[in-house]
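Summary of the model geometry
Next come the chains, spelled out residue by residue.
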Amino acid sequence: MKSLKAQNHPLSSSTHELEVLEAQSEITPFYKKLKESGLFPLKPTQIEVLQINMGKMCNQVCKHCHVDAGPDRKEIMTRDTMGFCLDVIRNENIKNVDLTGGAPEMNPDFRWFVEEIRKISDKINIIVRCNLTIIVANPKYNDLPEFFKTNRIDIASSLPYFTAVKTDSQRGEGVFEKSIKALNMLNAVGYGIAGSGLVLDLVYNPSGAFLPASQSDLELEFKKKLSSQYGIEFNSLFTITNLPISRFLEYLIRSENYESYMEKLLDAYNPVAAANVMCRNTISVGWDGFLYDCDFNQMLELKVETTGSQHISEWNQIQLLNRNIVVNQHCFGCTAGAGSSCGGTTS
Amino acid sequence: MKTYYNSEDLKKFGKIADFQKPMADKFFDYYGEVFKAGALTAREKSLIALAVSHAIQCPYCIEAYTVDTMEKGCDEEQMMEAVHVAAAIRGGASLVHSTQMMNKVKEISM
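Residues numbered from 1 in each chain as written. Chains lettered and ligands numbered in written order. Predicted model: local features only at pLDDT ≥ 70, side-chain atom pairs only at ≥ 80, totals over all residues. Heavy atoms only, no water.

Looking at an unreviewed UniProt entry, one finds chain B named 4-carboxymuconolactone decarboxylase, with Rhodonellum psychrophilum GCM71 = DSM 17998 as its source organism.

If you check an unreviewed UniProt entry, chain A appears there as Fe-S oxidoreductase from Rhodonellum psychrophilum GCM71 = DSM 17998. One UniProt comment on chain A, placed under Cofactor (unreviewed entry), says "[4Fe-4S] cluster". (UniProt positions renumbered as here; feature names shortened; annotations may be inferred.)

Glancing now at the UniProt feature "domain: Carboxymuconolactone decarboxylase-like" (unreviewed entry) in chain B. According to UniProt, the "domain: Carboxymuconolactone decarboxylase-like" (unreviewed entry) feature falls on residues 24-100 of chain B. A distance of 41 Å separates the end C-alpha atoms of residues 24-100 of chain B, which is 82% helix and 0% strand. (Helix = DSSP H or I, 4+ residues; strand = E, 2+ residues; numbered from the N terminus.)

A few words now on a nonpolar patch on the surface. A grouping of B:Phe13, B:Ile16, B:Phe27, B:Tyr30 and B:Val34 is seen on the molecular surface, where their side chains present a nonpolar patch of about 450 Å² in accessible area. Topologically, B:Phe13 is positioned in the segment before α1 (21-34). (Patch = residues over 30% accessible without salt bridge, like charges linked within 9 Å, V, L, I, M, F, W, Y side chains within 5 Å. Areas by Shrake-Rupley, 256 points an atom, 1.4 Å probe, with all protein chains shown as cover. Salt bridge = Lys/Arg side-chain N within 4 Å of Asp/Glu carboxyl O.)

Listed by partner, the interface residues are eleven residues for chain B and 14 residues for chain A. Carbon and sulfur atoms make up 44% of the surface buried where chain B meets chain A, a total of about 920 Å² over both sides. If you look at where chain B meets chain A, you find four salt bridges. Where A:Lys264 meets B:Glu71, a salt bridge forms, and the shortest distance between an N and an O atom there is 3.0 Å. Where chain B packs against chain A, one counts eight residue pairs in polar contact (both at pLDDT 80 or more). Contributions of two or more residues to the side of chain B that touches chain A are made by α3 (59-71) and α4 (76-108) of chain B. For the side of chain B that touches chain A, the element with the most residues is α3(B), which contributes three residues. Class assignment of the residues belonging to the side of chain B that touches chain A gives a composition of three nonpolar, two polar and six charged. (Contact = heavy atoms within 4.5 Å. Buried area = accessible area lost by both parts, 1.4 Å probe. Polar contact = N/O pair within 3.5 Å; in protein donor to acceptor, adjacent residues only side chain to side chain. Nonpolar A, V, L, I, M, F, W, Y, C, P; charged D, E, K, R; others polar.)

This part is about the layout of surface pockets. Counted as a void, the largest pocket has a volume near 1,300 Å³. Around the largest pocket sit 33 residues that line it, and A:Lys264, B:Leu10, B:Ala64, B:Val67 and B:Glu71 are the ones nearest its centre. Per-element accounting of the lining of the largest pocket gives the leading share, seven residues, to α3(B). Of the residues that constitute the lining of the largest pocket, the class distribution is 17 nonpolar, seven polar and nine charged. (1 Å grid on protein atoms, 1.4 Å probe; cavity = no way out; pocket = protein on both sides within 12 Å on 5 of 7 lines; lining within 4 Å. Points joined across faces, edges and corners; volume = space filled by probe spheres on them.)

In this section: helix α2 (residues 42-55) of chain B. With 14 residues, α2(B) extends 20 Å between its outermost C-alpha atoms, agreeing within 8% with the 20 Å of an ideal straight helix rising 1.5 Å per residue. Buried within α2(B) are the following residues: B:Ala42, B:Arg43, B:Lys45, B:Ser46, B:Leu47, B:Ala49, B:Leu50, B:Ala51 and B:Ser53. Structurally, α2(B) contributes buried residues whose contacts are with α9 (215-230) of chain A together with α1, α3 and α4 of chain B. Following α2(B) by one or two positions, B:Gln57 adopts a phi angle in the positive range, close to 50°. (Expected span 1.5 Å × (residues − 1). Buried < 20%, exposed > 50% of the residue type's maximum accessible area, 1.4 Å probe, protein only.)

Before going further, it helps to spend a moment on the sheet that holds strand β8 (residues 291-292) of chain A. Residues and elements named next belong to chain A. Ordered in space as β6-β5-β4-β3-β2-β1-β7-β8, the eight strands form an open sheet in which the pairing is mixed. Here the strands that pair on one side only, and so sit at the sheet edges, are β6 (237-239) and β8. When strand β1 (residues 49-53) meets strand β7 (residues 282-285), the two strands line up parallel, connected through four bridges. Residue Val49 lies in a different strand from β7, and its bridge partner there is Thr282. (Pairing = 2+ DSSP bridges.)

Residues and elements named next belong to chain A. Ranked by internal contacts, the top residues of the largest apolar core, which has 115 residues, are Ile52, Leu99, Phe148 and Phe222. Excluding residues that lie within four positions of it along the chain, Phe148 makes contacts with Glu105, Phe110, Val128, Cys130, Ile153, Ile155, Leu186 and Tyr191. Residues Ile127, Ala156, Phe238 and Ile240 belong to the second largest nonpolar core, which totals five residues. (Core = buried A, V, L, I, M, F, W, Y, C linked by side-chain atoms within 4.5 Å.)

Let's shift gears to the state of the cysteines. A full pass over the atoms with the stated rule returns one disulfide over all chains. Residue pairing for B:Cys58: its cysteine sulfur links by disulfide to B:Cys61, the two sulfurs lying 2.5 Å apart. What sets the handedness of the B:Cys58 and B:Cys61 disulfide is the S-S torsion sign, and at about 75° it is right-handed. Residue classification places B:Cys58 among the buried positions, given a relative accessible area of 15%. Cysteine A:Cys62 is unpaired, with the sulfur of A:Cys65 as its nearest cysteine sulfur at 6.3 Å. Given the relative accessible area of 8%, A:Cys62 is considered buried. Unpaired in this structure, A:Cys279 has its nearest cysteine sulfur neighbour in A:Cys294, at a distance of 6.0 Å. (Disulfide = S-S within 2.5 Å.)

If you want it as structure tokens, here you go:
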């Protein structure tokens with residue numbers, strides 16, 4: 001399967017995506033819902049998390065991917081841009097660095113970058129969003145579990161279900177089996193094992209046009225099934241709602257689920273989740289160093305509003321803290337039901 | 001094409017209150033209470049509802065509880081097993097009545 005970009009699909013254009021999202025007149029504009037909740041304009045609370053997208057290259061081509069990542073994507077963060085990120089982490093005392101992609105490990109400077117972040121402070125919480133299969137994709141990645149352990153990285157890995165059928169239908173043929181193998185390798189060095197201090201969290205997102213199950217109920221089910229059938233241990237399960245952008249938007253339209261899915265998100269709008277959206281304490285950095293309110297805005301090319309601080313090289317903490325967060329119709333995905341963020345539910 | 005069942009009508013379920021509000025309010029309060037987690041989990045109740053939906057052959061209920069069970073984290077295998085429970089009870093209910101047929105056969109046969 002090729003990325004939407006490689007297919008020259010109209011939805012590979014963020015302008016077209018936004019036109020589609022804004023054309024559905026029966027869906028209340030998101031900003032109006034925020035107004036009703038006393039949250040508009042949406043403002044940051046603080047900057048606790050720097051989420052860095054290290055590139056769109058990935059060894060997988062997942063059907064729901066909001067990044068439209070895949071082997072045919074060549075956008076990769078350079079070491080120069082990573083240098084600007086390190087300056088910000090150091091100077092602004094950033095406590096949480098969240099590395100994502102694509103598969104961040106495919107960036108040739110990934111290991112250098114992780115080690116440089118760790119040199120800044122022992123206390124920085126570094127999360128790598130590892131797709132699992134990268135660990136077994138090539139012998140040069142087989143030692144990643146040891147590398148993660150040495151640098152005390154927290155791992156967050158997608159696993160849509162505890163069965164092959166559902167996982168492979170979303171993430172590609174054979175992904176479940178490879179993911180189980182990678183999870184066994186992570187467990188073998190201590191990840192997810194009680195008392196090890198090595199955090200291995202799993203991320204669930206629905207394999208279709210429906211909302212995620214209760215995070216706590218699903219975590220119990222995942223723990224029971226993965227432990228009894230595969231001997232796998234992990235720490236927490238985060239449930240994430242699929243946002244209507246990129247490949248998931250393409251799926252919604254193609255399967256004629258788009259309108260009903262947007263209605264479902266709107267009907268499930270939760271003001272408590274809206275107050276706790278992740279963009280209020282996060283800045284997302286694109287592979288080319290531009291700054292966004294979140295990874296989803298990044299993919300829609302909606303840069304932060306602060307015209308004097310739109311690139312990591314011109315970081316201005318005061319401007320960023322005082323900015324208005326850019327919102328659009330896709331934001332209903334983060335405010336539906338129990339809420340959704342890269343760290344799971346928000347209410 | 002006009003049909004007796006229209007999936008759009010499922011969204012209008014709450015409108016039954018337009019014709020009789022006090023009873024509808026009582027029903028929806030009761031309905032909400034029934035489906036809360038209790039001695040059974042919300043997920044178990046949803047699977048029961050899916051099975052019953054098939055037993056009573058209500059298209060609205062089947063649509064609603066297909067989505068609901070998926071949103072409770074159930075997979076296709078679990079959902080189909082629930083429907084087989086309904087089918088087994090329905091089939092069993094027919095077959096167990098054959099004892100009446102057998103009784104009558106014996107009664108009137110030499």
